[in-house]
Each structure stands twice: as C-alpha cells, then as structure tokens.
6 protein chains.
Amino acid sequence: MEDRYTKGLKNLEKIHPEASKLLMENLKDIAPDLGRFVVEFPYGDVYGRTGLDLKSREIATVAALTAMGDTKPELKDHIKGALNVGCNRNEVIEVIIQMAVYAGFPRAINGINAAKEVFEELDKNK
Amino acid sequence: MEDRYTKGLKNLEKIHPEASKLLMENLKDIAPDLGRFVVEFPYGDVYGRTGLDLKSREIATVAALTAMGDTKPELKDHIKGALNVGCNRNEVIEVIIQMAVYAGFPRAINGINAAKEVFEELDKNK
Amino acid sequence: MEDRYTKGLKNLEKIHPEASKLLMENLKDIAPDLGRFVVEFPYGDVYGRTGLDLKSREIATVAALTAMGDTKPELKDHIKGALNVGCNRNEVIEVIIQMAVYAGFPRAINGINAAKEVFEELDKNK
Amino acid sequence: MEDRYTKGLKNLEKIHPEASKLLMENLKDIAPDLGRFVVEFPYGDVYGRTGLDLKSREIATVAALTAMGDTKPELKDHIKGALNVGCNRNEVIEVIIQMAVYAGFPRAINGINAAKEVFEELDKNK
Amino acid sequence: MEDRYTKGLKNLEKIHPEASKLLMENLKDIAPDLGRFVVEFPYGDVYGRTGLDLKSREIATVAALTAMGDTKPELKDHIKGALNVGCNRNEVIEVIIQMAVYAGFPRAINGINAAKEVFEELDKNK
Amino acid sequence: MEDRYTKGLKNLEKIHPEASKLLMENLKDIAPDLGRFVVEFPYGDVYGRTGLDLKSREIATVAALTAMGDTKPELKDHIKGALNVGCNRNEVIEVIIQMAVYAGFPRAINGINAAKEVFEELDKNK
C-alpha cells in the first residue's frame with residue numbers, strides 16, 4: 001500500500017505540487033480516505049504507468065475536463081499540471097479551443113477563461 | 001470558402017479518410033451543410049492550426065469523447081484517427097484507461113469496448 | 001387528478017399519438033405510475049400551459065435532447081412531435097445543426113442521424 | 001390539486017424545511033408555477049410514494065446530484081435533507097466518495113466540498 | 001473569409017451586442033482566434049442561415065444551455081439574446097420551466113435563477 | 001496489492017458474480033490492467049469500506065447511472081447487483097422513477113427499460 005502512495009506522491013510532486021497539498025489539506029478532516037485514494041489510484045496507479053508520456057496524459061485530462069465543463073477547480077489544476085510537465089501555454093490553449101468542436105463553444109470559452117485565470121496567477125507569482 | 005474546404009479535406013484525408021467519406025455520404029441528402037461545416041470548421045479551421053501536433057490533437061479528442069460517453073460512433077472514428085496520425089494502440093488504451101479517473105469507470109470500460117471493436121475491424125481488414 | 005390526466009392525454013394525442021401509446025404499453029407492467037406521471041406532469045402540467053406555443057415547445061425539446069445526446073428514443077419521438085405540431089423537416093434539421101455550436105459536432109451528427117431515421121420511417125409509412 | 005400540494009409541503013417540511021422556503025421565496029415573483037410544481041411533483045407525487053424509505057431516497061438523490069456535478073445548490077440542499085431524514089454525516093461522505101468510481105474524482109471532490117460547506121453551516125448554527 | 005466575419009458580426013449585433021463585445025475583449029489576448037471562430041461559425045455560418053427564424057433559434061439555445069446546466073454565463077447571454085430577437089420574458093421562463101421535464105428540476109431551477117439575474121440587470125439599466 | 005484484489009473479488013462475488021466474470025473476460029486481452037483496477041479500486045477500496053451498507057451503495061449507484069444516462073450496460077449490472085445485495089425489484093423501480101425529478105423523464109424512462117430487460121433475463125433464467 002505504502003508503495004502506491006509513495007509513487008503517487010512523487011507523480012503529484014511532478015505534476016501539480018501546490019494543488020495537491022491544498023487538496024490533501026482540504027480533504028484531511030472531512031474525507032481523508034478520498035485524499036489517500038487520489039494519491040494512490042490516479043497518481044500512483046494511472047499516472048505512474050508507462051505507455052503514455054506525462055505531457056500527453058495532461059493533454060488528455062485538460063481536454064476531458066474542458067469537455068465535461070462543470071469541474072473548473074480541477075481543470076485549473078490540470079492546466080498548471082500540463083505546463084509543469086512540458087506543455088507550453090499555446091498548446092494548452094489549442095487543446096481547449098479544439099473542444100469547441102467536440103463539446104461546443106460555451107465549454108471551450110469557459111475553458112479559456114480557466115486558462116486565463118491560471119496564467120494570470122502564474123504571472124503574478126513570478 | 002473553397003480554401004477552408006480544401007484544407008479541411010486534406011486534414012480529413014490524413015486523419016480518417018474512410019470515416020469522413022461515410023459521414024459525407026450519410027449527411028448528403030439530409031443535412032449537406034452540416035457535412036460541409038464538418039470539413040470547414042473542425043478540419044479546415046481547427047485541425048489545420050499550428051501550435052499542437054496532430055497526434056496530441058487526437059489524444060485530446062479520444063479523451064474528451066470517452067469522457068462524454070454518449071458518442072460511440074465518433075469515438076471509434078477518432079480512435080482510428082489517432083492510430084492514423086501516429087499513436088500506437090497502447091497509447092490509445094492508456095488515454096481511455098486514464099478517463100476512469102476523470103469520468104468514472106463505466107465510461108472508461110465503454111471506451112475500451114469501442115477500442116476493441118476498432119482494433120478487431122482493423123485486424124479483419126488487414 | 002383525472003383532470004390533469006385527461007388534459008395530458010389530449011396534449012399527447014396532438015404531439016405524438018403513436019409514441020405515447022407505445023410508451024404507456026411499455027411501462028404498463030413494470031412502472032405504470034411513471035407512465036401516469038408522464039401524462040400528468042410533462043403533458044398535463046407543462047405542455048398544457050399558455051405562454052409558449054406548441055411548436056416552440058417542441059423546438060426547445062428537440063434542441064435539449066440533441067444537446068444531452070444520450071436519449072435517442074425520446075429525441076426521435078420529439079422530432080415526430082415537432083413535425084406533428086407544425087415544424088417542417090427543414091426547421092427540425094436547422095435546430096439540430098445549430099446544436100453543433102452548443103454541444104459539439106458529434107451530438108449534432110447523431111441528432112441528424114436520429115432525424116434521418118424518423119424521416120425514413122415516415123416516408124415508408126406514407 | 002390541493003391534496004398533492006399539501007402532501008408535498010409535508011414531505012418538504014420533513015426533508016429540508018429551510019431550503020424549500022428559500023426556494024419558494026426565490027421563485028415566487030419570476031416563476032411561481034415552477035415552485036408549485038416542485039412541491040407537487042417531486043415532493044407530492046414522488047417522495048410521497050411508499051416502496052422506498054426517505055433515507056434511501058435521499059441517498060439516491062445525493063448520489064445523482066454528485067454525479068451530475070453542475071447542481072451544487074441542490075446538492076447542498078439534499079445533503080441537509082439526507083441528514084434530516086436519518087443519514088449520519090459519515091454515510092453522506094461515503095455516498096459521495098463512491099461517486100469517484102462512477103463519475104470520476106473531480107465530481108467526488110467537488111461533492112465533498114459541498115458537504116464540507118453544509119457541515120460547517122450546520123455547526124455554526126448549532 | 002471577411003464575408004463570414006462581417007455576416008457574423010451583423011448577427012451578433014442583432015442578438016447580443018454587449019455580450020459579444022465583452023467576449024471578444026475577453027478572448028483578445030489569450031485566444032483571439034476562438035473569438036474570431038465564434039463570430040464566423042456560430043454567428044456567420046449558423047445563425048445566418050435561412051430556414052429557422054432567429055426567435056426559434058434563441059429558444060433552442062436557451063433550452064439546450066439550461067439542459068446542459070454548466071454554462072451559466074452563456075445561458076445568461078442567450079436569455080438576453082432571446083429577448084433581443086423578439087421573445088418576451090414569459091416565453092423565456094416557459095422554455096426554462098419545460099426543461100424540468102427533460103433535464104430535471106435542479107437545472108430548471110438554476111436556469112430560472114439565471115433568468116432572474118438577467119431580468120434584474122435589465123431592469124436596473126433601464 | 002494481493003490483499004486489495006482478493007477483497008475486491010469477494011465483494012464482486014457478492015454483488016454481481018456473472019457480470020464481473022464477463023467484464024474481466026472482456027478486458028483480458030485489450031486492457032487487463034483496467035480489469036484489475038476495477039477489482040482493486042471500486043470493489044476492493046470503496047465497496048469494502050464500512051460506514052455504508054451494500055444495499056445503500058447499490059441504490060446510490062443505480063441512481064447515479066440512471067442520471068448519467070449513457071452507461072446502460074453498467075446500469076444493468078448494478079440493477080442486478082442491487083437485487084443481489086437485498087433490494088427488491090420495487091425498490092429499484094422507485095430509485096429509477098425518482099430520477100425523473102433530478103435528471104429528467106427521458107433518462108428515467110430509459111432506466112426503467114434497462115430494469116425491464118434485467119428482470120426479463122432473470123425470469124427467463126429462473
């Protein structure tokens with residue numbers, strides 16, 4: 001068990017270190033096991049797999065969350081994650097624009113607004 | 001106008017040539033303009049853009065359609081498209097498995113079933 | 001109670017008489033109260049309201065069901081319903097094409113396929 | 001008609017008395033009939049049915065709203081409702097965590113955040 | 001190309017002039033091409049089509065966005081748009097109430113709240 | 001690792017033994033790790049938890065899958081699962097009918113049709 005958790009923490013550290021600390025902190029009192037599951041399953045079991053590079057994994061996640069449309073906080077975390085594993089800002093924007101085709105313009109526009117907020121936060125903290 | 005259409009057709013030819021012929025054939029009598037829009041906007045305007053390679057674009061689309069869950073015919077077309085622009089089968093499977101995290105196991109399992117059908121069709125036609 | 005039911009049946013008769021008979025038949029043994037609720041609430045309470053004409057109501061429903069994407073049998077019923085209350089085929093097609101903008105091309109294409117099936121059934125039964 | 005309304009009000013009173021007053025107040029000027037429908041159909045017709053206890057009904061609703069993901073105000077109302085009809089906080093948390101499996105981790109995490117807000121409001125008002 | 005853009009701007013001007021200016025302004029630095037696509041495809045290609053009047057088009061869009069549930073800013077823009085092309089407030093309310101039938105009460109209630117915000121903004125600016 | 005897997009298999013055996021064998025068989029060649037994840041995470045980690053009885057867990061899942069609408073094979077498996085852990089048919093029907101309120105009538109009707117298919121299969125195999 002420890003192994004999956006440790007592996008998951010390492011992947012989280014590479015992908016979005018601050019976001020994951022906040023998430024764990026947030027879940028700690030109310031649903032600590034959900035926090036542990038997030039480390040173990042998505043980051044330990046799935047992101048730890050070979051066969052697809054981390055950059056492609058984050059592109060897939062940004063695409064899916066933009067298309068689902070109702071998960072802005074997680075979309076923002078994964079936009080940061082995408083940048084942290086090697087996407088440039090333009091690539092993130094392209095993924096989101098492309099979602100206009102598959103999930104409609106409103107969700108693409110809302111995704112761009114999420115990216116805008118992330119980029120502004122990053123620029124402010126530089 | 002011709003220009004976007006021509007550019008779109010070229011991109012469609014690279015990504016999923018048979019699927020697009022079937023789609024156009026299918027839309028021809030009932031909604032030919034939707035067929036034209038498909039060529040012009042997604043394939044002419046969006047897939048024709050620089051800034052993101054075609055392989056990443058197809059990874060994004062496979063992810064989004066798996067997560068949306070109700071668009072199996074289009075998911076199957078884009079699984080083929082992903083293979084046509086340089087993904088291997090394993091990468092496609094990895095993208096779909098990852099969607100268990102973001103859109104739940106049922107949609108990931110259904111996405112794998114779509115991939116299975118595509119791979120079987122491709123193997124039969126070899 | 002009888003009143004809402006009677007009013008609902010009258011509206012159902014105007015909008016999609018065959019579809020509603022099949023639905024009631026289908027729900028009769030397993031969930032007859034859901035069948036009654038369909039008559040009373042959507043058709044008795046909602047479609048019976050003044051303030052919006054039946055044609056506009058069916059346009060709204062065809063749009064919503066196309067955008068939701070996973071309810072093809074009901075979409076087909078309401079495409080028939082739209083035709084029964086005064087939409088022509090072209091108007092139905094236009095509503096569905098427009099959904100490419102709001103819910104993405106895959107759902108619009110699937111909506112067009114639903115319309116195609118309806119139109120073919122109607123032409124065969126002429 | 002009065003009968004369904006009266007029955008609905010009684011069920012609303014058991015499930016979430018404050019929430020329903022706010023809802024009615026909120027809908028009063030703009031869409032009073034939607035307020036009436038809420039009382040009559042969900043609470044008069046559906047929650048008034050035998051065959052499933054209120055606690056199980058609220059578990060079903062919390063699960064569905066967590067999985068749908070875009071209806072936070074209603075999810076919060078039904079988390080309160082679940083507590084009011086006999087669920088303990090831990091059971092509510094378990095239902096929401098389980099949704100990670102069926103609708104993905106982002107919606108489960110957002111559901112937990114909704115529960116957290118509800119629990120904090122309840123603790124403050126004690 | 002100019003032609004679609006010019007046509008799109010004219011349709012945007014009829015439907016929601018202020019909203020579209022804000023949108024373009026908002027997308028200008030981060031994704032100006034998405035702004036251009038919004039003008040060209042939805043408003044130039046789709047809303048510019050004959051075969052369905054603008055009022056019916058806005059009814060379809062308000063219905064779809066209410067049913068999708070996660071796109072409140074765009075729903076508000078299209079509620080304004082519906083009023084600008086000839087719907088009265090009551091018709092907008094009726095479309096949204098009807099969505100309780102097809103997409104559930106929570107999304108209908110949230111749609112009514114969006115309408116309420118729009119109507120209050122309009123009344124304040126009178 | 002073995003431990004979660006063994007625990008998961010035991011829970012699967014209680015909930016839907018045939019369905020899970022078919023699923024594993026189906027995933028075996030194409031995505032065996034997704035099969036393993038299904039055993040380990042949903043059934044080993046989540047259904048193995050105390051704090052909510054299995055019957056309530058299946059009610060939650062039937063509700064969520066009915067509301068999501070696009071996952072009929074999994075909904076059918078969990079309708080069987082609900083019956084296997086102590087729900088009677090009427091309780092399953094009540095959960096699905098209730099979803100008309102939260103996710104609209106089309107998804108409730110489609111859920112009832114899924115239940116009908118399950119009940120007929122069970123009656124045939126008696």
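Cut-offs used in this document
Residue numbers restart at each chain and count upward from 1, following the sequence in its written direction. Here chains are named by letter from A upward and ligands by number from 1 upward, in the order in which they appear as written. Per-residue local features of the predicted model are confined to residues with pLDDT of at least 70, and side-chain atom pairs are confined, for both listing and counting, to 80 or more; whole-chain, interface and lining totals are unaffected and use all residues. To obtain the side-chain values, all non-hydrogen atoms of the structure were used and water was disregarded. For helices the rule is a DSSP run of H or I covering at least 4 residues; for strands it is a run of E covering at least 2, with both sets numbered from the N terminus onward. Note that the radius of gyration is over C-alpha atoms, with the globule rule given as 2.2 Å times the number of residues to the power 0.38. Throughout, exposure labels follow a simple rule: accessible area from a 1.4 Å probe, protein chains only, divided by the maximum for the residue type, with under 20% read as buried, over 50% as exposed, and the rest as partly exposed. Exposure was quantified through the Shrake-Rupley algorithm and a 1.4 Å probe, taking into account, for residues, occlusion by the shown protein chains and nothing else. Within this scheme the basic residues Lys and Arg register as positive and the acidic residues Asp and Glu register as negative, but His and the chain ends are omitted. Lysine's charge is taken at NZ, arginine's at CZ, aspartate's at CG and glutamate's at CD. Here the copies were fitted onto each other by least squares, based on C-alpha atoms from residues at pLDDT of at least 70 in both. A contact between two residues is defined here by any heavy atoms of the two lying within 4.5 Å. When two components associate, each loses some accessible surface as probed by a 1.4 Å sphere; the sum of these losses over both components is called the buried area. Counted as salt bridges are all cases of a side-chain nitrogen of Lys or Arg within 4 Å of a carboxyl oxygen of Asp or Glu. Polar contact is defined as a pair of N or O atoms within 3.5 Å, subject to the rule that within protein one atom must be able to donate a hydrogen and the other to accept it, and that residues adjacent in sequence are counted only when both atoms are side-chain atoms. Gly is put with the polar residues, along with every residue not named as nonpolar or charged; the nonpolar set is Ala, Val, Leu, Ile, Met, Phe, Trp, Tyr, Cys and Pro, and the charged set is Asp, Glu, Lys and Arg. Paired rings are identified among Phe, Tyr and Trp, the last through its six-membered ring, by centres lying within 6.5 Å, and are further divided according to the angle between planes into stacked (under 30 degrees), edge-to-face (over 60) and tilted (the rest). A ring is scored as having a charge over it whenever the NZ atom of a lysine or the CZ atom of an arginine sits within 6 Å of its centre and within 35 degrees of its normal. To get an axis, fit a line to the C-alpha atoms, keeping to the stretch in contact for a helix; angles then go from 0 to 180 degrees between the N-to-C directions. Our angle categories are set so that under 35 degrees counts as roughly parallel, over 145 as roughly antiparallel, 65 to 115 as roughly perpendicular, and the remainder as oblique. Each crossing gets its hand from how the near helix is turned against the far one by less than a right angle, where anticlockwise is left-handed and clockwise is right-handed. Points on a 1 Å grid over protein atoms alone make up a cavity when a 1.4 Å probe fits among them but cannot get out, and a pocket when they form an open set with protein on both sides within 12 Å along at least five of seven lines; lining residues each have an atom within 4 Å of a point. Grid points are joined across faces, edges and corners, and a volume is the space filled by probe spheres set on the points. Here the expected length of a helix is defined as 1.5 Å per residue gap, with one fewer gap than residues. Here pLDDT means the predictor's own confidence in every residue, given as a number from 0 to 100. Counting rule for disulfides: a pair of cysteine sulfur atoms within 2.5 Å.

Asks: Can you tell me about the overall build of chain A, naming the residues and giving the values?
Replies: For chain A, the helix and strand inventory stands at seven helices and zero strands. Along the chain direction, N to C, the helices and strands of chain A fall in the order α-α-α-α-α-α-α. For 126 residues, the compact-globule estimate of 2.2 N^0.38 gives 14 Å, and chain A sits close to it at 15 Å. Overall, the C-alpha framework of chain A stretches about 40 × 35 × 30 Å when taken along its three principal axes. Expressed as a percentage of the 126 residues in chain A, the buried residues total 65%. Accessible surface computed for chain A: about 4,600 Å², of which carbon and sulfur atoms make up 52%. Distance between charge centres in chain A, computed from 18 positive and 20 negative side chains, equals 2 Å.

Asks: Summarise the relation of the copies chain E and chain C; cite the residues concerned and give the values.
Replies: Each copy superposes on the other: chain E lies on chain C with an RMSD of 0.0 Å after a rotation of 180° and an axial shift of 0.0 Å. Viewed as a symmetry operation, the transformation between the two copies matches a two-fold axis. When the interface residues of chain E are mapped onto chain C, 100% of them again lie at the interface, so the same face is used by both copies.

Asks: Tell me about the relation of the copies chain B and chain A, and name the residues and values.
Replies: Copy one and copy two of the chain differ by a rotation about an axis and a translation along that axis. Mapping chain B onto chain A is achieved by rotating through 180° and translating by 0.0 Å along the same axis, at an RMSD of 0.0 Å. Take the interface residues of chain B: 100% of them recur as interface residues in chain A, which is what a same-surface contact looks like.

Asks: An account of the interface of chain E and chain C is requested, with residue identities and associated values reported.
Replies: Taken residue by residue, the interface counts 31 residues in chain E and 31 residues in chain C. A combined buried area of about 2,600 Å² lies between chain E and chain C, and 67% of that area is made up of carbon and sulfur atoms. Looking at the side of chain E facing chain C, the largest losses of area belong to Glu94, Gln98 and Tyr102 of chain E, adding up to 24% of the total buried there. Counting across the chain E and chain C interface gives four salt bridges. In this structure, Glu94 of chain C engages Arg49 of chain E in a salt bridge whose closest nitrogen and oxygen atoms are separated by 2.7 Å. Inspection of the chain E/chain C interface yields 14 residue pairs in polar contact (both at pLDDT 80 or more). Breaking the side of chain E that touches chain C down by element, the ones donating at least two residues are α3 (32–46), α4 (54–68) and α6 (89–103) of chain E. Taken together, the residues of the side of chain E that touches chain C break down into 20 nonpolar, seven polar and four charged.

Asks: Go over the interface of chain B and chain A with me, naming the residues and quoting the values.
Replies: Listed per partner, the contact involves 31 residues of chain B and 31 residues of chain A. Contact with chain A buries area across many residues of chain B, yet Glu94, Gln98 and Tyr102 of chain B alone supply 25% of it, more than any other trio. Summed over the shared surface of chain B and chain A, the result is 14 residue pairs in polar contact (both at pLDDT 80 or more). Among the elements of the structure, α3 (32–46), α4 (54–68) and α6 (89–103) of chain B are those that each provide at least two residues to the side of chain B that touches chain A. Residue composition of the side of chain B that touches chain A, grouped by class: 20 nonpolar, seven polar and four charged.

Asks: So what about the pattern of salt bridges? Which residues, and what values?
Replies: A complete count under the given rule lists 101 salt bridges over all chains for this structure. Across the pair Lys72 of chain A and Glu117 of chain A runs a salt bridge whose closest N-O atoms are separated by 2.7 Å. Taken together, the residues Lys72 of chain A in helix α5 (residues 72–84) and Glu117 of chain A in helix α7 (residues 105–124) connect sequence positions 45 residues apart. For Arg107 of chain E, the salt bridge is made with Asp70 of chain D, and the minimal N-O distance between the two is 2.6 Å. Within this pair, whereas Arg107 of chain E is found in helix α7 (residues 105–124), its partner Asp70 of chain D is found in the loop between α4 (54–68) and α5 (72–84), the two belonging to separate chains. Take Arg107 of chain E: its relative accessible area is 9%, and that puts it in the buried class. Using a relative accessible area of 14% as the deciding quantity, one classes Asp70 of chain D as buried.

Asks: Talk me through the packing of aromatic side chains; I want residue IDs and the actual numbers.
Replies: For the structure on display, the rule yields 27 aromatic pairs over all chains. Taken together, the ring pairs connect Phe37 and Phe41 of chain A, Phe105 of chain B, Phe105 of chain D together with Phe37 and Phe41 of chain F into an aromatic cluster. Taking the ring centre of Phe119 of chain B as reference, the NZ or CZ of Arg89 of chain B above it sits at 4.6 Å.

Asks: Lay out the packing of helix α5 (residues 72–84) of chain B against helix α7 (residues 105–124) of chain B in plain terms, naming residues and giving numbers.
Replies: Residues and elements named next belong to chain B. Contact pair α5 / α7: the axes reach a minimum separation of 9 Å and the direction vectors enclose 55°. The orientation of α5 with respect to α7, classified from their angle, is oblique. Note on packing geometry: the crossing formed by α5 with α7 is right-handed. Across the interface between the two elements, Lys72, Leu75, Lys76, Ile79, Lys80 and Leu83 of α5 pack against Gly111, Ala114, Ala115, Glu117, Val118, Phe119, Glu121 and Leu122 of α7. Residue composition of the contact of α5 with α7, by class: eight nonpolar, one polar and five charged.

Asks: Before we move on, could you go through empty space enclosed by the protein and cite the residues and values that matter?
Replies: The gaps left among the atoms become clear once a water-sized probe is rolled over them. The final tally for this structure, using the stated rule, is three cavities of 30 Å³ or more. Approximately 380 Å³ is the volume found for the largest cavity. For the largest cavity, the lining is made up of 24 residues, of which Arg107 of chain B, Arg107 of chain C, Arg107 of chain D, Arg107 of chain E together with Arg107 of chain F are closest to its centre. Taken together, the elements giving at least two residues each to the lining of the largest cavity come down to α4 (54–68) of chain A, α4 of chain B, α4 (54–68) of chain C, α4 of chain D, α4 of chain E together with α4 (54–68) of chain F. For the lining of the largest cavity, the residue count by class is twelve nonpolar, no polar and twelve charged.

Asks: Account for helix α5 (residues 72–84) of chain F, naming residues and giving values.
Replies: Residue and element names in this part refer to chain F. Along its 13 residues, α5 runs 18 Å from first to last C-alpha, staying within 8% of the 18 Å computed at 1.5 Å per residue. Residues of α5 that are buried include every one of Glu74, Leu75, Lys76, His78, Ile79, Gly81, Ala82 and Leu83, and no others. Positive backbone phi, at 120°, marks Gly86, one or two positions downstream of α5.

Asks: Explain the confidence of the model for chain A residue by residue, including any values.
Replies: Residues at a pLDDT of 70 or more form 98% of chain A, whose mean pLDDT is 95. Interface scoring of the predicted complex returns ipTM 0.96; its pTM is 0.97.

Asks: Summarise helix α6 (residues 89–103) of chain C; cite the residues concerned and give the values.
Replies: Think of an α-helix as turning once every 3.6 residues; residues three or four places apart then point the same way. All names here are of chain C. With 15 residues, α6 should reach 21 Å at 1.5 Å per residue; the first-to-last C-alpha distance of 21 Å fits that figure. The buried count for α6 comes to 13 of 15 residues, which makes it a mostly enclosed element. Of the residues flanking the start of α6, the one acting as N-cap is Asn88, its side-chain oxygen 3.1 Å from the backbone nitrogen of Asn90. Two residues or fewer after α6 comes Gly104, characterised by a positive phi angle close to 95°.

Asks: Would you mind going over the state of the cysteines in detail, with residue names and values included?
Replies: Summed over all chains, the structure comprises zero disulfides over all chains. In this structure Cys87 of chain C is not part of a disulfide, and its nearest cysteine sulfur, from Cys87 of chain E, lies 14 Å away.

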